[in-house]
Amino acid sequence: MNPQAKLIFTSSLILGTTITISSNHWITAWAGLEINTLAILPLISKSHHPRAIEAATKYFLTQAAASALLLFSSMTNAWHTGQWDITQMTHPTSCLILTSALAMKLGLVPFHFWFPEVLQGSPLITGLLLSTAMKLPPIALLYMTAQSLNPTMLTGMAILSAALGGWMGLNQTQIRKILAFSSISHLGWMAIILIYNPKLTLLNFYLYALMTTAVFLTLNSTNTTKLSTLMTAWTKAPALNAMLMLTLLSLAGLPPLTGFLPKWLIIQELTKQDMAPAATIISLLSLLGLFFYLRLAYCATITLPPHTTNHMKLWHTNKSVPSSIAILTVLSTTLLPLSPMISAAI
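Residues numbered from 1 in each chain as written. Predicted model: local features only at pLDDT ≥ 70, side-chain atom pairs only at ≥ 80, totals over all residues. Heavy atoms only, no water.

**Q** Now, about the overall build of the protein: what can you tell me, with residues and values included?
**A** Scanning the protein from terminus to terminus reveals 16 helices and 0 strands. Against the globule reference of 20 Å for 346 residues, the protein gives a C-alpha radius of gyration of 20 Å, in line with a compact fold. In terms of overall dimensions, the protein has C-alpha extents of about 70 × 50 × 35 Å along its principal axes. Counting the 346 residues in the protein, one finds 53% classified as buried. About 15,000 Å² of surface is accessible on the protein, with carbon and sulfur atoms providing 70% of the total. Side chains of the protein give 16 positive and 6 negative charges; the mean places of these two sets differ by 18 Å. (Helix = DSSP H or I, 4+ residues; strand = E, 2+ residues; numbered from the N terminus. Rg over C-alpha atoms; globule rule 2.2 N^0.38 Å. Buried < 20%, exposed > 50% of the residue type's maximum accessible area, 1.4 Å probe, protein only. Areas by Shrake-Rupley, 256 points an atom, 1.4 Å probe, with all protein chains shown as cover. Lys, Arg positive; Asp, Glu negative; His and termini not counted. Charge placed at Lys NZ, Arg CZ, Asp CG, Glu CD.)

**Q** Let's hear about the UniProt feature "transmembrane region" (unreviewed entry) in the protein: which residues, and what values?
**A** This chain's UniProt record puts "transmembrane region" (unreviewed entry) on residues 56-76, 96-115, 152-171, 178-196, 202-219, 240-261, 281-304 and 325-345. Taken end to end, residues 240-261 is 68% helix and 0% strand, and its two terminal C-alpha atoms sit 23 Å from one another. For residues 325-345, the helix share is 81%, the strand share is 0%, and the end-to-end C-alpha distance is 28 Å. (UniProt positions renumbered as here; feature names shortened; annotations may be inferred.)

**Q** Break down the UniProt feature "domain: NADH:quinone oxidoreductase/Mrp antiporter transmembrane" (unreviewed entry) in the protein for me, with residues and values.
**A** Here the UniProt feature "domain: NADH:quinone oxidoreductase/Mrp antiporter transmembrane" (unreviewed entry) sits at residues 23-288. As annotated, residues 23-288 has a helix share of 75% and a strand share of 0%, and its two end C-alpha atoms lie 38 Å apart.

Take a look at the structure:
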């Protein structure tokens, strides 16, 4: 892709996200989301492969439907209350439609079907943007309207997301699809705590974005998209693959790694809110996700491919690991000791 075009699309993504996050009026928030959608489409379809075109089409249709629903919910609310302010979403029907629209934007169950397909058809770096940066504006809108949303609906969607995200990732062999289902599962954890402690939702999102960025950049540097190629990738960069294993276990939420921190705080907060059954269910469902993270980690570092493999051994060069990946990987595994400071701030 032309560097100037790439610069324009990246700038538009930053602009759209900034507009949505900083707006008070529903129309400007909607405009920011539309700028985001239009800017990411060329980045999804830039390879001109039929699968990439299909992914871009699916992404466009779902995001357009979600934007229409969001506009409809804000107009219904304005019709009944005379308020266009984002924080003044008080009409119950509007709140339900808004929750559905933002769930569709994010890929929460039952509106998750588009996300694995779109991620599978996108390049790794675009997949990283779809998993992290493109989820920030809808989460910011959920954060601003948290007090008005329906707790029963959100809790139900959250538990279903954790269940389906874990269950459907079990039999996948494509790494991008596994990471898509991982994202759906993490969104369940963010949604369940949103009403009770919105700051914890943001903390969970930031740490999830940090760990996912480390995983995607590592996979991009070793050019790995399938489990079969992940098995031979250790020969390219042994140290990087060893750290990839730790980052994946951190995404799974195992102590003493960074990923355990948001899960720990969320379970603690749910217990304080007398929601121990929900906390127990979502904790047990995260074991499903742990299985496929362990499988990825096993393929990345522990498996030696058979000697009759059809894959060429890719012997590592003297090329150094980019400092951005090194920093992100270290942060993805070592932030748990900061938990007292973070819980005091929240």
